[in-house]
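Each chain, letter by letter, is given below.
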Amino acid sequence: MAAFRLALCQINPTVGDVGGNVARVLAGLDQARRVGADLVVFPEMVVSGYPPEDLLLKSDFLDACMAGARRIAGKARGLTAVFGCPWFEDDLINAAIVAHDGAVAGITAKRYLPNYGVFDENRYFATGRGSAVYDRDGFIFGVSVCEDIWYPGGPPAEQAHGGGAKLLVNISASPYHRGKGAGRERMLSTRASDNSAYVAYANMVGGQDELVFDGHSVIFGPDGGLVARGRQFAEDMVVCDLDPGLPRRQRLLDPRCRKWEPQLEHCPRRVPLPHVADSVRAPLDPPALPPLLGEVEEVYRALVLCTGDYVKKSGFGGVCIGLSGGIDSSLTAVIAADALGPENVLGVAMPTRYSSDDSLEDAQELAEKLGITFHVAAIEDIFKAFLGTLSPLFGDRPFDVTEENLQPRIRGTLLMALSNKFGRLVLTTGNKSEVGVGYSTLYGDTAGGFSVIKDVPKTLVYALSRWRNEQAGTDLVPARVLVKPPTAELRPDQKDSDSLPEYDALDPVLAAYVERGLSPAAMKAAGMDAAVVDRVTRLVDRNEYKRRQSPPGPKITPRAFGKDWRLPIVNRYDPHKNGD
C-alpha cells in the first residue's frame, strides 16, 4: 500500500467568529490538497473557537456553527478532513466531524469532559457514547477529542485494540502552561507505544481571553518515536507520509499486543470511506523537527501571542502603557511592541515629586529603542490639587499609604482617559509577585483592560527582559533598569523591599503555596525561611479580593490565583454576519 499522507493544520480561530473560522479551515483544506494530503486534521472546536462558554446556550450560534461545519464538509473534495465543532441533535456534544470527499462521514462526541481549572465542559456538553474507526482503502484510523487521549484506557485504546486502528487522531484545544508541551509529548509517545499505532495530535494555537494555546502539534510512530512536530505559538501545517504497514510490524514485535482483550460493548463501529482517486505526488522527505523552545523563550512567546490576540480579538487598534522607568512597565512595553508593532503602542510617563530623573530617562530611552510613541504628562499639579482638597478632611494626620495611593490612581485615570479618547486598550504592568501579595493600588495601577505579566513572578520578569535584550543584540530594556532596586517611587527613597521580602525569597514561597499547594508547615519543613513563609502566605490569603479586581492576563502556570475565576468572553460573534 502506498504511503498515507497526513497533514495537521494548527490554526488560530476566534471565539464567535464562525465565518472567519470557517474561512481559515477552508484555506487549510486548499493547502492540504496542494500538498497531496489524504487526511487533514484541524483542532478541537475550531468552528466556534474555544472556549465558547455561554455562546453555546444560544440556538442561533449553534445553528451557525453547524451550518459552517456542513460547508466545510462540502468543500472537503478529494480528501478526508477531521475538525471540531459544537453539534446538537439529541443533545449538545463537543464533536469531531469526519468529512470525506464532500460529505459528513461521521461524528464523534468527546467522552471525557474536563471540569477543572479553566475547563467547565460538564456545564455545556453531554458525555459521548461509543466510538468509531474509519477505513480508508484499508488504512484504519480512529478519532478522539482532546481529554479522551489523556487516559490510558480511553477511546484511542478501544480504537486500536477493538477496531484495529493504525492511526489514532486526536483534535485538541489544550491551553499552555510552563512545561506542559514536554509533558504532553511524553503522554502521547506513551499512547503510541502502548497501542502500537501512529498518534496524530492537532492542537489549537492563539490567545483567547486569559488562555493561550501553543500549537505544538505532533505525530508519533507506533514505537513511540517522534515523527513530526509543529511550531510552538505560531500557525503551521505539519505534513508527513506514514507507512501503513509499520503498525502491523510493530504489533508483531510487541508481546503486549497479545494481551489485548477488547470488550464487545466498547468495540468501535467501522465506517468504510468511499474510494477517492489517487493523485500523482512525489514522496516527501522526512519532516524537520523544530526544537522545543527554551523555558524563558517559551514563556515570552506565550505572552506575546496572548497579548496580541487579546487586543486584536477585542477590536482595539492599539494599547497605552504607563511607563515608570521600572522593570515591569519596560517588559510590558517590549512585549506589546513585539505583539502589535511599535506603531500601535503609546507609552506615557507621569512623574511626580518622588519620581527620579533616572526613571524618566530610562522610560524615554526604552521608548526610543522600541520606536513607540512616548509622552510625558507630569501629574504633580494634579497631585497637589488632590492634597489641597483633602487637607481639611485629613487634618493633622501624617503622610502615609493614602497619599502614596493617590498617585497611581491619578495615573490610572489619565490612562483610561487616553483609552477612551483614542480607542487604545490600557495594559497594566503588575507582576505575579506584586499581585499575589496585594502590593498594588485598587483603581490605580490595577486600572486597565489586560494585565500582561500578571502570572509572571518578579524573578522571571528579569529573566525575560535579559533574554529579550540578548535576542535584540542591544539593551531594549535599559541596562540601568535591570540593576537598580525595584521601587514604586511613591515616597522619598522608597524600595519594594521596605514592604516585601526580597523577591528571590518571596517568589519560591509564592510558587510553593499557589502553584504546588504546599502548606506553610510543609514549606518550613523543606527548609524555607519560616518568617518569610508566614509573612507571604498571610499576604496571599488576605488579598484575594484585590486580586479579583485586577484585569485578566495570560495564564502561564498550572495553577494561577483564584479559586473560581471565570473567563471573560471576548468574542466576535455577530448573528447577522455568521448566519451562513
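An account of the accompanying structure is given in this report.

The rules we used
- Residues numbered from 1 in each chain as written.
- Predicted model: local features only at pLDDT ≥ 70, side-chain atom pairs only at ≥ 80, totals over all residues.
- Heavy atoms only, no water.
- Core = buried A, V, L, I, M, F, W, Y, C linked by side-chain atoms within 4.5 Å.
- Buried < 20%, exposed > 50% of the residue type's maximum accessible area, 1.4 Å probe, protein only.
- Helix = DSSP H or I, 4+ residues; strand = E, 2+ residues; numbered from the N terminus.
- Pairing = 2+ DSSP bridges.
- Axes fitted to C-alpha atoms, helices over the stretch in contact; angles between N-to-C directions.
- Expected span 1.5 Å × (residues − 1).
- Parallel < 35°, antiparallel > 145°, perpendicular 65-115°, else oblique.
- Left-handed = near helix turned anticlockwise from the far one by under 90°.
- Contact = heavy atoms within 4.5 Å.
- Nonpolar A, V, L, I, M, F, W, Y, C, P; charged D, E, K, R; others polar.
- Salt bridge = Lys/Arg side-chain N within 4 Å of Asp/Glu carboxyl O.
- Lys, Arg positive; Asp, Glu negative; His and termini not counted.
- Polar contact = N/O pair within 3.5 Å; in protein donor to acceptor, adjacent residues only side chain to side chain.
- Disulfide = S-S within 2.5 Å.

Below, the discussion takes up the nonpolar core. By size, the foremost hydrophobic cluster in this structure holds 51 residues, and its most contacted members are Leu-29, Val-40, Phe-42, Val-47, Leu-56, Ile-72 and Phe-83. Elements that contribute at least two residues to this core include exactly β1 (4–10), α1 (18–34), α2 (59–75), β3 (80–88), β4 (92–100), β11 (211–214) and β14 (236–242). With 49 residues, the next largest nonpolar core counts Phe-233, Ala-333, Ala-349 and Trp-467 among its residues.

Attention shifts here to the sheet that holds strand β6 (residues 132–136). The strand order across the open sheet formed by seven strands is β13-β12-β9-β8-β7-β6-β15, and the pairing between neighbours is mixed. Taken across any chain shown, the strands that pair with only one partner, and hence form the sheet edges, are β13 (226–229) and β15 (269–273). Going across the sheet, the axis of each strand differs from the next one's by a mean of 20°, ignoring polarity. By the bridge criterion, six bridges tie strand β8 (residues 167–172) to strand β9 (residues 198–203) in an arrangement that is parallel. Pairing of Asn-170 across the sheet is with Tyr-201, part of β9.

Right, let's get into helix α6 (residues 295–313). The terminal C-alpha atoms of α6 lie 27 Å apart, and with 19 residues this matches the ideal 27 Å at 1.5 Å per residue to within 8%. Counting buried residues in α6 gives 14 out of 19 residues, a clear majority hidden from the surface. Of the residues trailing α6, Gly-315 is marked for its positive phi of about 90°.

Packing of α6 against helix α7 (residues 327–340) leaves a shortest axis separation of 8 Å and a crossing angle of 65°. It follows that α6 is roughly perpendicular to α7 by the angle criterion. Viewed along their axes, α6 and α7 form a crossing whose handedness is right-handed. Across the interface between the two elements, Tyr-300, Leu-303, Val-304, Thr-307, Gly-308, Val-311 and Lys-312 of α6 pack against Leu-331, Val-334, Ile-335, Asp-338, Ala-339 and Leu-340 of α7. Looking at side-chain class alone, the contact of α6 with α7 contains nine nonpolar, two polar and two charged residues.

Before going further, it helps to examine the pattern of salt bridges. Taken as a whole and judged by the stated rule, the model has 33 salt bridges. Here Lys-432 and Glu-515 are joined by a salt bridge, their closest N and O atoms 2.6 Å apart. With a gap of 83 residues between them, Lys-432 in helix α11 (residues 432–437) and Glu-515 in helix α14 (residues 503–515) connect regions that are remote in the sequence. Overlapping salt bridges bring together Asp-358, Glu-361, Asp-362, Arg-480 and Lys-484 as one network.

On to unusual backbone geometry, then. Following Tyr-50, the chain continues into Pro-51 via a peptide bond in cis, with omega recorded as 0°. Residue placement: Pro-51 occurs in the loop between β2 (39–41) and α2. Positive phi outside glycine occurs at Asp-137, with the angle close to 55°. Locating Asp-137 in the fold gives a position in the loop between β6 and β7 (139–145). Residue class for Asp-137 comes out partly exposed when judged on its relative accessible area of 36%. The phi dihedral of Asp-493 falls on the positive side, at around 55°, and the residue is not glycine. Relative to the helices and strands, Asp-493 resides in the loop between α13 (479–483) and α14. Owing to a relative accessible area of 73%, Asp-493 belongs among the exposed residues under this scheme.

A word on the environment of Arg-466. Along the polypeptide, Arg-466 turns up in helix α12 (residues 458–472). Taking the C-alpha atoms as reference points, Arg-466 and Asp-278, 188 residues apart in sequence, are found 53 Å from one another.

Turning our eyes to something else, we now look at α2. Spanning 17 residues, α2 covers 25 Å between terminal C-alpha atoms, matching the ideal 24 Å at 1.5 Å per step. Taken residue by residue, α2 has Phe-61, Leu-62, Ala-64, Cys-65, Met-66, Gly-68, Ala-69, Ile-72 and Ala-73 as its buried positions. On the buried face of α2, the contacting elements are α1, β3, β4 and β5 (103–109).

Running from amino to carboxyl end, helix α9 (residues 380–394) crosses helix α10 (residues 401–422) at an angle of 135°, the nearest separation of the two axes being 11 Å. As far as their axial angle goes, α10 and α9 are oblique. You can see that α9 and α10 cross each other, and the crossing is right-handed. When α9 is examined against α10, the residues Ile-382, Phe-383, Phe-386, Leu-387, Leu-390 and Phe-394 are found in contact with a partner set consisting of Thr-402, Glu-403, Leu-406, Gln-407, Ile-410 and Leu-414. Classifying every residue of the contact of α9 with α10 by side-chain character gives nine nonpolar, two polar and one charged.

What follows covers the side chain of Arg-251. Take Arg-251: it is sitting in helix α5 (residues 246–253). Although Arg-251 is buried, it forms no salt bridge, and the closest oppositely charged side chain is Asp-254 at an N-O distance of 8.4 Å. A polar contact of 3.1 Å, which involves the side chain of Arg-251, links it to the backbone oxygen of Ser-196. Setting aside residues no more than four positions away along its own chain, Arg-251 makes contact with Ala-160, Gly-164, Ala-165, Lys-166, Asn-195, Ser-196, Ala-197, Cys-257, Arg-258 and Trp-260.

Counted according to the given criterion, the structure contains zero disulfides. The thiol of Cys-9 is unpaired, and the distance to the nearest cysteine sulfur, on Cys-240, comes to 15 Å. For Cys-9, a relative accessible area of 4% gives the class buried. In this structure Cys-65 is a free cysteine whose sulfur lies 5.1 Å from that of Cys-85, the closest cysteine sulfur available. Here Cys-65 falls in the buried class, since its relative accessible area comes to 0%.

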